Every structure is written in structure tokens, then in C-alpha cells.
Amino acid sequence: IYRFNKMAAEAAALLDQLMGATRNANPGDDLKQPEWWDSEVCKHYLCGFCPSELFTNTKSDVGPCYKIHNEKLKKAYEESDQRCTKGYEEEFLHYLEKVIRDLDRRISRGKERLQKSAEAKQKLIAPDLSNEKLKSLHMEINANVMELERLGAMGQVEEAQAVMRRVEELEKERERERMAVASDSTKTLAGFDVDNNDFHEKMEQCDICGSFLVIGDTQSRVDSHLLGKQHIGFARIRAAIGELKSLCPAYLLLAVLAKS
């Protein structure tokens, strides 16, 4: 039911943008045309864009905006001498900055997770360097191999065969220990749960949108990421923050000081 209602609301919002909010009015009705200052007009849209339009059908989708998005009203506001005096830009800036703060926190946590994953992967690839039992077995095997070579050089066949059997037993034990280390599907390092299934590719995280990327991936997949809604949307938000700060710097400074 929720999904159906959401789809219906999105369809209604789209029709309002295409045909106007008065599309269902009867002929002859005395209709008041909206002005940019009316409450039913989206102030974010007036200041540049409405974030609800950026991430449609992505995991960052914020849902539809039920207010009016009208290019003529935006132009009228931009040409008005009241631009940057109504608090719209300040509100929009605060909203966008919160979006980016939340995103940057997720990116920071993601990069920390990738670092811990890399450490865990290294331990699985070369467990001899981090497991005391494996170190001990490795040293014992090396010592026995040296003894085997000495006995072979002296022609002591039976003694050499006994040492060989011991080496084989130690190697089997070392392999069992390695399997035991690698069999844990999850390694916990410094409070991070690290899934071994994440180790197939070396990953990095996009500083713009937070998406996880495979290092050295094909150019087509890189292009697909750069042209995706998430990347373009968050890139636009980051650019808009700088533009808003430079658009009305005096007003925004006064607004911040008034709240401090």
C-alpha cells in the first residue's frame, strides 16, 4: 500500500509540474496563479534545484516533493530585488550541508572499513606473519628439512625417511592450521566485522558520492559510475554549497552571526 501511495504521489507531482497545480480545475473557475513567495512553491527549487529530483529510484531517493516546481516562478524570484533576503538560501544551504555531512561521515566509516578489510586480507594471505603456531610449525619444518638434507648427504637412508615422514606430518598440520585461520567467515579487527567475501577485489570509495569502486575497473564501468544519478547528484550538491556561499555572502554571514 505504501509503495502504491508513493507511486501515485510521484505521478501527481509530475503532472503538477507538466500541467500545473490547477490541472483539475473546471472551466470558468476563478483561479489564483501562484507567486514565488507562496507556501506551496518549493523554495529549494527557487534557489537552484529540488533535491527530490536528484536521486529518483536510487538508494538515496528522498521521496517526491509535493510543492510547485515552476521555471517561470524561479526566474521571477531570481530577477526579484528580494532575492537573498527571505532566508531561502540560508535554509537551502543548511539542508545541503547536512546532506553532505551525513554522506562524509558514511564515507569516513567506509574508508576505515576498507582499511581494516585490507589488514584482514593480508593476514589471510600471509598468516605465517601473524599466527604464532604457524610460525612455530614453519620453523620446525625448516629445521627438519635441513636435517633431512644432512642425513641424505651422509647416506643414512632410513633416518632420512623417518625425518621425511615427520616433515610431511608437520606440513599437513600447518595446512590444517592455515585452513582454520581462513575458515572464519568473519574477522573482527578493532571493532569492525570484516567479511572474507569482500576480498575478491581491491576496493576504493568515491570521495564525491561514497560509492564503492573496484580499483583498475574497466573504463565503461568507471564511466557508468561517473554518469550515474548518485555521483552526479552529490557532485551537484557539493557545487551548490560553494555557489550559495558566494551568491549572498553578506546575508549568509549575518544570518549565521544572528544564530550564534
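Position numbers for residues count from 1 along each chain, tracking the sequence in the order it is written. Reporting in this predicted model follows two pLDDT cut-offs: at least 70 for local features of residues, and 80 or more for side-chain atom pairs to be given and counted; totals over whole chains, interfaces and linings ignore these cut-offs and use all residues. Side-chain measures were taken over the full set of non-hydrogen atoms in the model, leaving aside hydrogen atoms and water.

*Asks:* Please clarify how the overall build of the protein should be interpreted in this entry.
*Replies:* Each helix corresponds to a stretch of at least 4 residues labelled H or I by DSSP, and each strand to a stretch of at least 2 residues labelled E; elements are numbered beginning at the N terminus. A count of helical and extended segments in the protein gives nine helices and four strands. Across the protein, helices and strands are ordered from the amino to the carboxyl terminus as α-α-α-α-α-α-β-β-β-β-α-α-α. When a residue's accessible area, from a 1.4 Å probe over protein chains only, is under 20% of the maximum for its type it is buried; when over 50% it is exposed; and in between it is partly exposed. Each of the 260 residues in the protein was classed as buried or not, and the buried ones make up 32%. Considering only residue pairs separated by 6 or more positions, the protein has 67% of its internal contacts joining residues 24 or more positions apart. All accessible areas in this document rest on Shrake-Rupley with a 1.4 Å probe, and a residue is counted as covered only by the protein chains that are shown. On the protein, roughly 17,200 Å² of surface is accessible, and the fraction owed to carbon and sulfur atoms is 54%. Whether two residues touch is decided by their heavy atoms; if any such pair falls within 4.5 Å, the residues are in contact.

*Asks:* Would you explain unusual backbone geometry in this entry?
*Replies:* Excluding glycine, a negative phi dihedral is what most residues carry, and trans is how most peptide bonds are arranged. In this structure, asparagine 57 takes a positive phi of about 65 degrees despite not being glycine. Examined against the element boundaries, asparagine 57 turns out to sit in the loop between α2 (43-46) and α3 (71-79). Positive phi, close to 70 degrees, is recorded for cysteine 84, a residue that is not glycine. As for its position among the elements, cysteine 84 is in the loop between α3 and α4 (88-125).

*Asks:* Looking at this model, I keep getting lost on the packing of aromatic side chains. Mind explaining?
*Replies:* The geometry of an aromatic ring pair comes down to the distance between the two centres and the angle between the two planes. To pair, rings of Phe, Tyr and Trp, with the six-membered ring standing in for Trp, must have centres within 6.5 Å; the planes then decide the type, stacked if under 30 degrees apart, edge-to-face if over 60, and tilted in the middle. Evaluation of the coordinates by the stated rule reveals six aromatic pairs. When the ring of phenylalanine 49 is compared with that of phenylalanine 92, the centres are 5.4 Å apart and the planes differ by 75 degrees; the resulting orientation is edge-to-face. Taken as a pair, phenylalanine 49 in the loop between α2 and α3 and phenylalanine 92 in helix α4 lie far apart in primary sequence, 43 residues in all. Phenylalanine 92 shares its class with phenylalanine 49; the two are buried. Here the aromatic rings of tyrosine 77 and tyrosine 88 are separated by 5.6 Å at their centres, their planes lie at 45 degrees, and the arrangement is tilted. Taken together, the positions of tyrosine 77 in helix α3 and tyrosine 88 in helix α4 put the pair 11 residues apart, joining distant regions of the chain. Neither residue differs from the other here; tyrosine 77 and tyrosine 88 are each classed as buried.

*Asks:* Explanation requested: the pattern of salt bridges in the structure shown.
*Replies:* Opposite charge on two side chains lets them pair, provided their charged atoms get close. One speaks of a salt bridge when a side-chain nitrogen belonging to Lys or Arg is within 4 Å of a carboxyl oxygen belonging to Asp or Glu. With the rule as written, the count across this model stands at 11 salt bridges. One salt bridge in this structure joins lysine 245 and glutamate 97, with 3.3 Å as the shortest N-O distance. Of this pair, lysine 245 sits in helix α8 (residues 229-247) while glutamate 97 sits in helix α4, placing them 148 residues apart in sequence. Its salt-bridge partner being lysine 111, residue aspartate 207 comes within 2.3 Å of it at the nearest N-O pair.

*Asks:* How should I be thinking about the nonpolar core in this particular structure?
*Replies:* Note that soluble globular proteins tend to have their nonpolar side chains buried in a common cluster. For this analysis, a nonpolar core means a set of buried residues of the types Ala, Val, Leu, Ile, Met, Phe, Trp, Tyr and Cys, connected via side-chain atoms within 4.5 Å. Leu46, Phe49, Leu96, Phe234 and Ile237 are the most contacted members of the largest nonpolar core, which totals 24 residues. Of all the elements in the fold, those that place two or more residues in this core are α3, α4 and α8. No other element matches the seven residues that α4 contributes to this core. Formed by eight residues, the second largest nonpolar core is a distinct cluster that contains Leu137, Ile141, Leu148 and Val167.

*Asks:* Looking at this structure, how should I read helix α5 (residues 132-153)?
*Replies:* An α-helix turns once per 3.6 residues; consequently, residues spaced three or four apart project the same way. Multiplying one less than the number of residues by 1.5 Å gives the expected span of a helix. In a regular helix each residue adds 1.5 Å, so 22 residues correspond to 32 Å; α5 covers 32 Å between its end C-alpha atoms and thus fits that length. Three or more residues of α5 are buried, namely Leu134, Leu137, Ile141, Asn144, Leu148 and Leu151. An end-on view of α5 places all buried positions within 105 degrees of arc, on one side of the element. Along α5, the residues that are exposed and aim more than 90 degrees away from the buried face are Glu132, Met139, Met146, Glu149 and Ala153. One or two positions beyond α5, positive phi appears at glycine 155, with a value near 80 degrees. In this description, one arc is meant: the one made by directions from the helix axis to the C-beta atoms.

*Asks:* Honestly, the environment of arginine 105 in this entry has me stumped. Any pointers?
*Replies:* In this fold, arginine 105 is placed in helix α4. Spatially, the C-alpha atoms of arginine 105 and glycine 210 are 9.7 Å apart, while their sequence positions differ by 105 residues.

*Asks:* Would you take a moment to explain the side chain of histidine 231 for this structure?
*Replies:* By secondary structure assignment, the location of histidine 231 is in helix α8. Relative accessible area serves as the criterion here: at 13%, histidine 231 is assigned to the buried category. Aside from chain neighbours lying at most four places away, what touches histidine 231 is Cys206, Ile208, Cys209, His225 and Leu226.

Purely geometric numbers; function is a separate question.
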